[in-house]
Amino acid sequence: MLYFLLMMIMCALLIAVFIWKKVYIKTSSLAAVMALGIITQGVLSNYFSTGEIKELDKLLSILTFSLWISFLFSLFLALIHNQFKTSHLANPINRFGIGTWVAGTSICSILLYNHFPMWQLAAKYIAILNIFLWMAFIVLSLFSFRDMYRLKLSRNVHGILLLTTVSTQSLILELHTVFEGKIAGYVNISFLVIGIAFYLVCAAFILCRYIGNFRQLDITSDWNNTNCILHGALSITGLAGIYANVYSTAVLLALCGITASVFLMVESIEVYRLIRRMQRLGFAKGILVYDVSQWSRLLTFGMFYTFTFQIHSGAGWFPLPSAVIHIGIWVILFLLLIEVLLSMKFMLGNLRLPPKQIKGAAS
């Protein structure tokens, strides 16, 4: 009852701000829910014993669920104020951000089921509804691919496209959790194949953009934060396969190696981009600037950590997993702290503005 009351208070406060300031969140804002959820369920719960942080897990789960409810309310607010189409459907590439709604819902139902036994039935209903949301998203994504081709938007694509894979594989994690693994094998295979197919198509789009325009590429402005989903989508594909128990050891280790390689490649580019931004814009404007897409990095780091933890035998068969587990957690928590502080600064700055000047945010 205490946690339910806390959730109601947090939701009421956030919803009151959304109504007062007419805040219409950006399409990908539920990436914040995804990031907090995977850090709670996949990072903290794995690294620490359940007894050590049981109450912290519950508090973070309530925070995540409260954000989920409040963000859904903001989407409803946009709908009744005739802002929904403009904000979320007008841009074909931006539509892929709806994948965060699916994956965010998946992690929320997992948190409810694992940490609040009295709400397990609600978690099951949420999971069922989420399947229909996913189906709508996939249909919308197919139309978005068509519109991208018609409008010649291929030079603007980035990692947001890979939310098709992330959302699809998140359903495997969700369904196996709330229905305790009682999922037919053909359902697992179907979701995995659909997710992998989307990954191959979307990764091809992204690589064609950057390879085809390599000489004209300005790393500080042309490289998007969401490109980290290139390795995040692989991590969740590996994790989904583990939950579904469909991978052989050889396939799992191969996927781990591929994911680690993509992670190192993408994050090396990110480090170079960070240096270039600091040289051009300075420390404050180059680094300490909030953008909703930054939550995708926390999500992908958390997913990579969780995937690595699941395949780690404890004996250290390969040095990378051990380093990721024992060092990675502190990197993730540090990045989370920075992101929360930037979000709060952004939110407080927005609260001082008149409603018409408020920017969409995940805050």
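The structure this text deals with has already been given above.
The structure displayed is predicted, hence computed values, not measured ones. (Residues numbered from 1 in each chain as written. Predicted model: local features only at pLDDT ≥ 70, side-chain atom pairs only at ≥ 80, totals over all residues. Heavy atoms only, no water.)

### Considering the overall build of the protein chain
For clarity, the threshold we go by: Helix numbering and strand numbering both begin at the N terminus, where a helix is a DSSP run of H or I of at least 4 residues and a strand a DSSP run of E of at least 2. When we talk radius of gyration, it's over C-alpha atoms, and the globule rule is simply 2.2 Å times the number of residues to the 0.38. Each residue's exposure class comes from its accessible area (1.4 Å probe, protein chains only) as a fraction of the maximum for that residue type: buried when under 20%, exposed when over 50%, partly exposed otherwise. Residues count as neighbours in contact if any of their non-hydrogen atoms are within 4.5 Å of one another.
Secondary structure assignment for the protein chain yields 13 helices and zero strands. The globule rule puts the C-alpha radius of gyration for 363 residues at 21 Å, and the 20 Å found for the protein chain is close to it. The proportion of buried residues among the 363 residues of the protein chain is 52%. Residue pairs at least 24 apart in sequence account for 82% of intrachain contacts in the protein chain once pairs closer than 6 positions are excluded.

### So, helix H1 (residues 2-21)
Convention followed: Expected span of a helix, by definition, is 1.5 Å for each gap between consecutive residues, and there is one gap fewer than residues. This arc is built from the directions going out from the helix axis to the C-beta atoms.
When the terminal C-alpha atoms of H1 are compared, their 29 Å separation across 20 residues agrees well with the 28 Å that a helix rising 1.5 Å per residue should span. If you check which residues of H1 are buried, you get Tyr3, Met7, Cys11, Leu14, Ile15, Phe18 and Lys21. Projected down its long axis, H1 carries its buried residues within an arc of 140°, all on one side. Among the exposed residues of H1, those pointing more than 90 degrees away from its buried face are Leu2, Leu13 and Trp20. Of the residues flanking the end of H1, it is Lys22, one or two places downstream, whose phi is positive at about 50°.

### Overview of empty space enclosed by the protein
Going by this rule: Think of a 1 Å grid over just the protein atoms. A cavity is a set of points where a 1.4 Å probe fits yet cannot get out, a pocket is an open set with protein on both sides within 12 Å along at least five of seven lines, and lining residues have an atom within 4 Å of a point. Grid points are joined across faces, edges and corners, and a volume is the space filled by probe spheres set on the points.
Per the counting criterion, the structure on display carries three cavities of 30 Å³ or more. In terms of lining residues, the second largest cavity is bounded by Ser61, Ile62, Thr64, Phe65, Cys108, Leu111, Leu112 and Phe116. When residues of the lining of the second largest cavity are traced back to their parent elements, those giving at least two are helix H3 (54-80) and helix H5 (99-115). Ranked by residue count, the leading element in the lining of the second largest cavity is H3, at four residues.

### Regarding the packing of helix H10 (residues 229-244) against helix H12 (residues 295-311)
Applied cut-off: In this analysis an axis means a line fitted to C-alpha atoms, helices contributing only their contacting stretch, and an angle means the value between N-to-C directions, from 0 to 180 degrees. Crossings are assigned a handedness: left-handed for a near helix turned anticlockwise from the far helix by less than a right angle, right-handed for a clockwise turn. Classification convention: Asp, Glu, Lys, Arg as charged; Ala, Val, Leu, Ile, Met, Phe, Trp, Tyr, Cys, Pro as nonpolar; all other residues, Gly among them, as polar.
Direction vectors running N to C along H10 and H12 enclose 35°, while the axes themselves pass 8 Å from each other. The crossing of H10 and H12 is left-handed. Only Ser296, Thr300, Phe301, Met303, Phe304, Thr306, Phe307, Gln310 and Ile311 of H12 make contact with H10, whose side of the interface consists of Ile229, His231, Gly232, Ser235, Ile236, Gly238, Leu239 and Ile242. Classifying every residue of the contact of H10 with H12 gives nine nonpolar, eight polar and no charged.

### A closer look at the pattern of salt bridges
Put simply, the rule reads: Any Lys or Arg side-chain nitrogen located within 4 Å of an Asp or Glu carboxyl oxygen qualifies as a salt bridge.
If you walk through the whole model with that rule in mind, you get six salt bridges. Among the salt bridges present, the one from Glu270 reaches Arg297, with a minimum N-O distance of 2.7 Å. Placement of the pair is Glu270 in helix H11 (residues 249-287) and Arg297 in helix H12, with a sequence separation of 27 residues. In this structure, Glu270 and Arg297 share a single accessibility class: buried. When salt bridges that share partners are traced, they join Glu267, Glu270, Arg273 and Arg297 into one network.

### Digging into the packing of aromatic side chains
Defined as follows: Centres within 6.5 Å are what make two rings of Phe, Tyr or Trp a pair, Trp counting through its six-membered ring; a difference in plane orientation under 30 degrees is then read as stacked, over 60 as edge-to-face, and the rest as tilted.
In the structure shown here, the tally under the stated rule is 19 aromatic pairs. Relative to Phe71, the ring of Phe18 has its centre 6.2 Å away and its plane inclined at 25°; by these criteria the two rings are stacked. With Phe18 in helix H1 and Phe71 in helix H3, this pair connects stretches of sequence that are 53 residues apart. Members of the aromatic cluster, connected to one another through ring pairs, are Tyr3, Phe4, Phe116 and Trp119.

### A few points about H3
With 27 residues, H3 ought to run about 39 Å at 1.5 Å a step, and its terminal C-alpha atoms sit 39 Å apart, in line with that. Once H3 ends, the next one or two residues include Asn82, with phi positive near 60°.

### Focus on the nonpolar core
We count it as follows: Here, nonpolar core means buried Ala, Val, Leu, Ile, Met, Phe, Trp, Tyr and Cys residues that are tied together by side-chain atoms lying within 4.5 Å of each other.
Counting residues in hydrophobic clusters, the biggest one holds 105 residues, and the most contacted among them are Leu161 and Trp295. With ten residues, the top contributor of residues to this core is helix H2 (residues 31-47).

### Looking at a nonpolar patch on the surface
Put simply, the rule is: Patch membership needs two things, relative accessible area over 30% and no salt bridge, and members are linked within 9 Å if like-charged or within 5 Å if nonpolar (Val, Leu, Ile, Met, Phe, Trp, Tyr). Throughout, the Shrake-Rupley method with a 1.4 Å probe supplies accessible areas, and for residues the shown protein chains are the sole cover considered.
Together, Leu121, Tyr125, Ile128, Phe132 and Met135 give the surface a local cluster of nonpolar side chains, amounting to about 540 Å² of exposed area. As for its position among the elements, Met135 is in helix H6 (residues 120-150). On the basis of relative accessible area, Met135 is assigned to the partly exposed category, the value being 43%.

### Observations concerning the packing of H2 against H5
For the record, the criterion: An angle below 35 degrees is treated as roughly parallel, one above 145 as roughly antiparallel, one from 65 to 115 as roughly perpendicular, and anything else as oblique.
Their axes nearest at 8 Å, the elements H2 and H5 cross at an angle of 40°. By the criterion of interaxial angle, the relationship of H2 to H5 is oblique. Of the two possible hands of crossing, H2 and H5 adopt the one that is left-handed. The residues of H5 that touch H2, namely those facing Ala31, Val33, Met34, Gly37, Ile38, Thr40, Gln41 and Ser45, are Thr100, Ala103, Gly104, Ile107, Cys108, Ile110, Leu111, Asn114 and His115. When grouped by side-chain class, the residues that make up the contact of H2 with H5 number nine nonpolar, eight polar and no charged.

### As for the side chain of Thr220
To keep it simple, the criterion reads: Think of a polar contact as two N or O atoms within 3.5 Å of one another; within protein, one of them needs to be a possible hydrogen donor and the other a possible acceptor, and neighboring residues in sequence only count if both atoms come from side chains.
Within the secondary structure, Thr220 sits in helix H9 (residues 219-222). Overall, the relative accessible area of 8% leaves Thr220 in the buried class. Within the structure, Thr220 has its side chain in polar contact with the side chain of Asp218 (distance 2.8 Å). Excluding residues that lie within four positions of it along the chain, Thr220 makes contacts with Arg273, Arg276, Arg277 and Arg280.

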